[in-house]
Amino acid sequence: MFTFYVRCLFLLTFIGPLNTAFAENTTPPQTEYLAEQQNSPAASIEDLDWISGYWQGEIWGGQFEEIWSRPMAGSMMASFKFTENNQVKFYELMTISEHQGSLLLQLKHFGQDLIGWEEKEQSMDFKLVRLTDNAVYFEGYTYKSISHNEMHVFVVIDNDGEKHETKFVFKRHSQ
């Protein structure tokens, strides 16, 4: 009987966590990409009004805020700030605009000194893949409305050639 308990303890202690880790690694991705030769679907900036507002969250041991304007003149704009230990680490400026009958997300990064990370004439561009009532899928960048006061954003981050999907949990902040 003692051997049975030792085996159960072993399974719970060592195999259980491996199973959980394996299950976490098999979570389907929340980001999508257009197939080769596939065009972005038709969409209007008005479809994304639910993103507008002042959002905050925590990640990587720091805090972030993202502020989206309401749709106007075929576009929305946003600023993102990431802080750690009460110091700004970086900023982003973003737009979602109507482009060729669809939507395009563009962003640029800046250090705390406002020196751009991308070249002056370049931005990171994300074409629209799919739009639902509560989510917008750009290539490698997804916004999902969980409720009026919560939004999850999934971003594929390339770290020296190694790509991984990162989840940001946004909570609406009333100003």
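The preceding data block contains the structure.
Residues numbered from 1 in each chain as written. Predicted model: local features only at pLDDT ≥ 70, side-chain atom pairs only at ≥ 80, totals over all residues. Heavy atoms only, no water.

## Quick notes on the packing of aromatic side chains
And then number 1: Tallied over the entire structure, the rule returns 13 aromatic pairs.
And then number 2: Ring centres of phenylalanine 64 and phenylalanine 168 lie 5.6 Å apart, and the angle between their planes is 80 degrees; on these two criteria the pair is classed as edge-to-face. Residue phenylalanine 64 is found in strand β2 (residues 62-68), and its partner phenylalanine 168 is found in strand β10 (residues 162-172); the two are separated by 104 residues along the sequence. Just as phenylalanine 64 is buried, phenylalanine 168 falls in that class too.
And then number 3: The interplanar angle of 25 degrees and the centroid separation of 5.8 Å between the aromatic rings of phenylalanine 80 and phenylalanine 90 together place this pair among those described as stacked. Here phenylalanine 90 lies in strand β4 (residues 87-99) and phenylalanine 80 lies in strand β3 (residues 75-84), a separation of 10 residues in the sequence. Taken as a pair, phenylalanine 80 and phenylalanine 90 share a single burial class, namely buried.
And then number 4: Ring pairs connect the aromatic residues Trp55, Trp60, Phe64, Phe80, Phe82, Phe90, Trp117, Phe168 and Phe170, which therefore count as one cluster. (Phe/Tyr/Trp six-rings, centres within 6.5 Å; stacked < 30°, edge-to-face > 60°. Helix = DSSP H or I, 4+ residues; strand = E, 2+ residues; numbered from the N terminus. Buried < 20%, exposed > 50% of the residue type's maximum accessible area, 1.4 Å probe, protein only.)

## Examining the nonpolar core
And then number 1: If you look at the biggest cluster of nonpolar residues, it comprises 30 residues, and the most contacted ones within it are Leu48, Ile51, Trp68, Met94, Phe138, Tyr141 and Tyr143.
And then number 2: Of all the elements, β3 adds the most residues to this core, at 4 residues. (Core = buried A, V, L, I, M, F, W, Y, C linked by side-chain atoms within 4.5 Å.)

Remember that the coordinates give geometry; whether it matters functionally is a separate question.
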